[in-house]
Amino acid sequence: MAIEDNPRSREMYGEELKRRREKAGLTQEELSQRAVMSRTHIAHIEAGRRRPDVRDAERLDQALEAGGFFVRFLPALDGRKVAEHFAEALEFEGKATVIREYAPKLVPGILQTAAYAREVLSSGASPKSREERDELLATRLERAQILKDFHSPVVWALLDEAVLRRPVGGPAVMCEQLQHIVKLGQSHRIRVHVLPYTVGYHSLLEGFVSLMWFEDLPPIAYVEGLKSGRVWELPSVVRECQVAYDHALGDALSHRKSLDLIRSVAEDYEHEAQRADHP
């Protein structure tokens, strides 16, 4: 069983966690050791600032011998459909004041056009019904609404050149997608940097990384691979990810040169699409 995720539901969940922890005679630090969770994370859950995931709830149930209470009443996302491993990161994304992302293969979700996102969500090893795909698409496009506010969050997109060269959906889709990124970059809504192929190996090559900062919470790092993703809150790990990002950024093209390259590749796709329409 789950309850709709909203600030009050998280507060009630946190209040119950605190009540049961204190009844067991445990401090937050002692519970963190029993549940194999950070004390800071437990404090945020008790304060209603963060939504625990299923693994957190299972550990709390076991540590407090709660008989499955914390799993049964885990606040659920309010109808938004996302990959299970991304659910926690989605909540953070909506609260972030600064987002810095590195994308090795695909355009980051908040920058995707509808046509590009539809192609990504329609592909993959696991087939999806049209309804499932449309629900996922609606959530992805909703995420992009955070860019409607010109000032927050501040977004940096560090893109591997492979993102530009991989023809997801064909030349017309790619032309529109890259033009969309150029438009956001030209308007100074986002800052874009491209890591060219000529850099060779770099510190972020192994996978997608999203770094987020907040007004009243410590920064986090979200890293993602095939069918997997993890939010890191441990300060030492977050700092390692930040340093790796800074090193890769140092190898990237400037914002202006990156926009020039993206614009040029978009023009190539446009010409290719025109040739396909008029062979």
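Residues numbered from 1 in each chain as written. Predicted model: local features only at pLDDT ≥ 70, side-chain atom pairs only at ≥ 80, totals over all residues. Heavy atoms only, no water.

Peer 1: Please provide a residue-by-residue account of helix α7 (residues 114–122), values included.
Peer 2: Of the residues making up α7, those classed as buried are Y116, A117 and L121. Looking straight down α7, one finds that the buried residues subtend no more than 125° of arc, so they occupy a single side. Elements that come into contact with the buried residues of α7 comprise α8 (130–143) and α10 (171–186). (Buried < 20%, exposed > 50% of the residue type's maximum accessible area, 1.4 Å probe, protein only. Helix = DSSP H or I, 4+ residues; strand = E, 2+ residues; numbered from the N terminus. Arc of directions from axis to C-beta. Contact = heavy atoms within 4.5 Å.)

Peer 1: Quick one: what's the story with the packing of α10 against helix α12 (residues 255–277), residue by residue and with numbers?
Peer 2: Between α10 and α12, the least distance of the axes is 8 Å, while the angle of their chain directions is 155°. It follows from the interaxial angle that α10 and α12 lie roughly antiparallel. As α10 runs across α12, the sense of the crossing is left-handed. Touching P171, A172, M174, C175, L178, Q179, I181, V182, G185 and Q186 of α10 are H255, L259, I262, R263, V265, A266, Y269, E270, E272 and A273, all from α12. Among the residues making up the contact of α10 with α12, the classes are represented as 13 nonpolar, four polar and three charged. (Axes fitted to C-alpha atoms, helices over the stretch in contact; angles between N-to-C directions. Parallel < 35°, antiparallel > 145°, perpendicular 65-115°, else oblique. Left-handed = near helix turned anticlockwise from the far one by under 90°. Nonpolar A, V, L, I, M, F, W, Y, C, P; charged D, E, K, R; others polar.)

Peer 1: For unusual backbone geometry, give the residues involved together with the corresponding values.
Peer 2: Backbone phi values are negative for most residues with the exception of glycine, while trans is the configuration of most peptide bonds. A cis amide bond, omega 0°, links S152 with the succeeding residue P153. Assignment of secondary structure puts P153 in the loop between α8 and β4 (154–160). Residues other than glycine seldom take positive phi values, yet V36 does so here, at roughly 55°. On the secondary structure map, V36 appears in the loop between α2 (28–35) and α3 (39–46). Taking the relative accessible area as the measure of exposure, V36 reaches 63% and is therefore exposed. The backbone phi angle of H188 is positive, close to 65°, even though this residue is not glycine. The residue H188 is located in the loop between α10 and β5 (190–195) in this model. On the basis of relative accessible area, H188 is assigned to the exposed category, the value being 63%.

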